[in-house]
Amino acid sequence: MADFDSKRILLGVTGGIAAYKAAELTRLLVGRRMEVQVVMTEAATRFITPVTLQALSGKPVFVSLWDPRIDNGMAHIEFTRDADACLVAPASADFLAKLAHGQADDLLSTLCLARECPLLVAPAMNRQMWQNPATQRNLEQIRRDGIVVLGPASGEQACGEWGMGRMLEPCELLEDLEAFFQPKLLAGKRVLVTAGPTFEAIDAVRGITNRSSGKMGYAVARAALEAGATVTLITGPTQLTPPRGAKVIPVVSAQEMLNAVNAEVDAADIFISVAAVADYYVLNPSEHKIKKDAHILTLELAPNPDILANVTSRPNPPFCVGFAAESENLHEFAELKRRRKHLPLLAANLVQEAVGSDTSRLTLFDDNGVHALPPGPKIELARALIRHIATLYAATNS
Ligand code: C5P
């Protein structure tokens, strides 16, 4: 079962053009098997109809404090009592002002005031409204009150202007909500992650690489961020969007990855080496594109440095985690690798189950033995791995 199954979310929608994105957000939350109860302000119904959100959430949508459908007439208490979180998206400048001052003159603002669950808001407004000192003052106040502010982003606005105030995209809000629910097991810790393949040049256009997609490494970086860590992601060439909030250092070759790791590792508490580093590089790559002819072409390959082994052999290494992709004898090869590289923890998977895929199966090897994680999406495996790392890290540093 995923961490979010049956989480109950009260989704508040206020009046702004970004209200149309509440439809997509509802669909995404329901897709994660969360229970979504939508409450709209009167102004929000001018931008998107309650029927749309009712169809997508599968529950009646409420707008008025005086709605006779609420049995005990206590709508302002009813909807948040069993909610795990309340998310207001979009949150207009007017709604932020109400929150800052504890005003409660409609159903949504009354629910927010009477709630027991955490409150997250996703502001959306014109850039001038966002920059207005009154709005900034209100934001400061609501943050002080423990309300979590998600975004906004900068970009093109519905009014045609550019600037700060765009609501985060629904998929980003979903990520932020998922992150909110994760325990902050690595708060204050600095985590360095390598991900993806490396690319070793043969000539100006060709090279040797491997089929690593980078998905597992990016998922590990995201899970570490969700756990409250500061994350640096050193990544070989991939097609992926890095997780928001990570410091990203793109590299191409193994040597470049080694240089980047050496530059960052002193500042890391934990090093998670997920990258599928090429074992060899091409000696004397051609500066220009090699012309084809009828002759056999021989490439001379030299071994790449082992980045992880370099880190574990430092005088004061961070807590190091290795990865191993094997095509056979997983247990035997993984444990041998763990010992050879002096690793407190190694995560191993089968190439045929992992490479390029969104799901995988991971087995963890540490001094206490072997731990098989339930198979699933890479982000869930990454979260389980981060939980395991946090436990071992705490034990070795207590
Ligand atoms: O020996 P093998 O390549 O299977 O080891 C895998 C582990 O070592 C992974 O954690 C990988 O990121 C790391 N590695 C490395 N530098 C290399 C080769 C592997 O850091 N040149």
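Located above this text is the structure these notes cover.
On a predicted model such as this, the values are computed, not experimentally measured, just so you know.

Cut-offs applied
Position numbers for residues start from 1 in each chain and track the written sequence from start to end. Given that this is a predicted model, residues contribute local features only at a pLDDT of at least 70 and side-chain atom pairs are listed and counted only at 80 or more, while totals for whole chains, interfaces and linings are drawn from all residues. Hydrogens are left out, water is left out, and the side-chain values use all remaining heavy atoms of the structure. By definition, no residue in a patch forms a salt bridge, and every one has over 30% relative accessible area; like charges are joined within 9 Å, nonpolar side chains (Val, Leu, Ile, Met, Phe, Trp, Tyr) within 5 Å. The Shrake-Rupley method, run with a 1.4 Å probe, gives the accessible areas here. Residue values count only the displayed protein chains as cover. In the sections that follow, a salt bridge refers to a side-chain nitrogen of Lys or Arg positioned within 4 Å of a carboxyl oxygen of Asp or Glu. Comment: elements are numbered from the N terminus, with helices defined as DSSP H or I runs of at least four residues and strands as E runs of at least two. Partly exposed describes any residue whose relative accessible area lies between the buried limit of under 20% and the exposed limit of over 50%, with all areas from a 1.4 Å probe on protein chains only and scaled to the type maximum. One requirement defines pairing of two strands: DSSP has to find at least two bridges between them. Throughout, a residue-residue contact means that at least one pair of heavy atoms, one from each residue, lies within 4.5 Å. Here an axis means a line fitted to C-alpha atoms, over the contact stretch when the element is a helix, while the angle between two N-to-C directions is reported on a 0 to 180 degree scale. Centres within 6.5 Å make a pair out of two Phe, Tyr or Trp rings, where for Trp the six-membered ring is used; the pair is then stacked when the planes are under 30 degrees apart, edge-to-face when over 60, and tilted otherwise. Criterion for a charge above a ring: Arg CZ or Lys NZ at most 6 Å from the ring centre, at most 35 degrees from the ring normal. Throughout, the term near means that a residue has one or more heavy atoms lying within 4 Å of the molecule or strand in question. Identification of polar contacts relies on pairs of N or O atoms within 3.5 Å, with a donor-acceptor requirement for protein atoms, meaning one able to donate a hydrogen and the other able to accept it, and with residues adjacent in sequence counted only if both atoms are side-chain atoms. The classification used treats Ala, Val, Leu, Ile, Met, Phe, Trp, Tyr, Cys and Pro as nonpolar, Asp, Glu, Lys and Arg as charged, and all other residues, Gly among them, as polar. Put simply, a nonpolar core is a bunch of buried Ala, Val, Leu, Ile, Met, Phe, Trp, Tyr and Cys residues held in one set by side-chain atoms that sit within 4.5 Å of each other. In this scheme, roughly parallel covers angles under 35 degrees and roughly antiparallel covers those over 145, while 65 to 115 is roughly perpendicular and the rest are oblique. For any helix crossing, the convention is left-handed if the near helix is rotated counterclockwise from the far helix by under a right angle, and right-handed if that rotation is clockwise. Crossovers are marked right-handed if the path from the first strand over the helix to the second runs clockwise, as seen with the strands pointing away from the viewer.

**Describing a nonpolar patch on the surface**
Phase 1: A cluster of nonpolar side chains, Tyr280, Leu297, Leu299 and Leu301, forms an exposed patch at the surface whose accessible area comes to about 380 Å².
Phase 2: Relative to the helices and strands, Tyr280 is located in strand E14 (residues 280–282).
Phase 3: With a relative accessible area of 44%, Tyr280 lands in the partly exposed category.

**Regarding the sheet that holds strand E1 (residues 8–13)**
Phase 1: Taken in spatial order, the five strands of this open sheet run E2-E1-E3-E4-E5, and their pairing is parallel. Looking along the sheet, the strands with just one partner apiece sit at the ends: strand E2 (35–40) and strand E5 (148–149).
Phase 2: Taken together, the two bridges between strand E4 (residues 119–123) and E5 define a ladder with parallel strand orientation. Bridge pairing links Leu120 to Val148 in E5.
Phase 3: The sheet strands contacting helix H5 (residues 107–114) are E1, E2, strand E3 (85–91) and E4, and the helix crosses E1 at an angle near 135 degrees.

**Some thoughts on the packing of aromatic side chains**
Phase 1: This structure, assessed with the given rule, holds two aromatic pairs.
Phase 2: Each ring, one from Phe180 and one from Phe181, has its centre 5.7 Å from the other, and the planes form 70 degrees; the classification is edge-to-face.
Phase 3: According to the relative accessible area criterion, Phe180 is partly exposed, its value standing at 28%.
Phase 4: Summarising the aromatic geometry, the rings of Phe319 and Tyr393 are spaced 6.2 Å apart at their centres and angled 85 degrees between planes, so their arrangement reads as edge-to-face. One end of the pair, Phe319, is in strand E16 (residues 319–326); the other, Tyr393, is in helix H14 (residues 378–396), and 74 residues separate them in sequence.
Phase 5: Residue Phe319 is classed as buried on the basis of its relative accessible area of 8%.
Phase 6: Accessibility expressed as a relative area gives 12% for Tyr393, which makes it buried.
Phase 7: Stacked on the ring of Phe181, the Lys or Arg Lys7 has its end atom at 4.9 Å from the ring centre.
Phase 8: We note Arg69 situated over the ring of Phe62; from NZ or CZ to the ring centre the distance is 4.4 Å.

**Points about the environment of Leu99**
Phase 1: Along the polypeptide, Leu99 turns up in helix H4 (residues 93–101).
Phase 2: Judged by relative accessible area, Leu99 falls into the buried class, the value being 13%.
Phase 3: A sequence separation of 160 residues divides Leu99 from Asn259, and the C-alpha atoms of the two residues are 49 Å apart.

**Looking at the site of the ligand**
Phase 1: The immediate surroundings of the ligand are formed by Ser273, Ala275, Val277, Pro305, Asp306, Ile307, Leu308, Gly322, Phe323, Lys337, Arg340 and Lys341.
Phase 2: Within the backbone of Ile307, a nitrogen or oxygen atom sits 3.0 Å from a nitrogen atom of the ligand.
Phase 3: Measuring from an oxygen atom of the ligand, one finds a side-chain N or O atom of Lys341 at 2.9 Å.
Phase 4: Coverage of the ligand by the protein amounts to 87% of the 450 Å² it exposes when considered alone.
Phase 5: Breaking the shell around the ligand down by element, the ones donating at least two residues are helix H11 (307–312), E16 and helix H12 (330–340).
Phase 6: Of the residues in the shell around the ligand, the class split is six nonpolar, two polar and four charged.

**Focus on unusual backbone geometry**
Phase 1: Residue Pro90 follows Ala89 across a cis peptide bond; omega there is 0 degrees.
Phase 2: Its location among the elements puts Pro90 in strand E3.
Phase 3: Note that the residue after Gly151, namely Pro152, is joined by a cis bond; omega there is 0 degrees.
Phase 4: You can see Pro152 is positioned in the loop between E5 and strand E6 (153–156).

**Remarks on the nonpolar core**
Soluble globular proteins tend to bury their nonpolar side chains together.
Phase 1: Residues Val191, Val193, Val220, Ile272, Phe323, Ile386 and Ile389 are the most contacted members of the largest nonpolar core, which totals 37 residues.
Phase 2: Looking at this core, the elements that each hand over two or more residues are strand E8 (190–195), helix H9 (215–226), strand E11 (230–235), strand E13 (270–273), E16, strand E17 (345–350) and H14.
Phase 3: At ten residues, the largest contribution of residues to this core is made by H14.
Phase 4: Ignoring anything within four residues of it in the chain, the contact list for Val191 reads Leu186, Ala224, Ala229, Thr230, Val231, Thr232, Ile270 and Ile272.

**Details of the packing of H9 against H14**
Phase 1: Interhelical geometry of H9 versus H14 gives an angle of 55 degrees and a closest axis separation of 8 Å. In terms of orientation, H9 and H14 fall into the oblique class. Crossing geometry of H9 relative to H14 is assigned as right-handed. Residue-level contacts link Lys215, Met216, Ala219, Val220, Arg222, Ala223, Ala224 and Glu226 of H9 to Lys378, Ile379, Leu381, Ala382, Arg383, Leu385 and Ile386 of H14.
Phase 2: Here the residues of the contact of H9 with H14 are counted per class, giving ten nonpolar, no polar and five charged.

**Some words on the side chain of Gln37**
Phase 1: For Gln37, the position within the fold is in strand E2.
Phase 2: Residue Gln37 is classed as buried on the basis of its relative accessible area, which comes to 13%.
Phase 3: Sequence-distant contacts of Gln37, defined by excluding residues within four places in its chain, comprise Ile9, Leu10, Leu11, Lys59, Pro60, Val61, Phe62 and Phe79.

**Considering the pairing of E17**
Phase 1: With five of its six residues buried, E17 lies for the most part within the structure.
Phase 2: Summarising the sheet, E16 and E17 pair through six bridges and their orientation is parallel. Residue Phe323 lies in a different strand from E17, and its bridge partner there is Ala347.
Phase 3: Note that the unit made of E16, H12 and E17 has a crossover that is right-handed.

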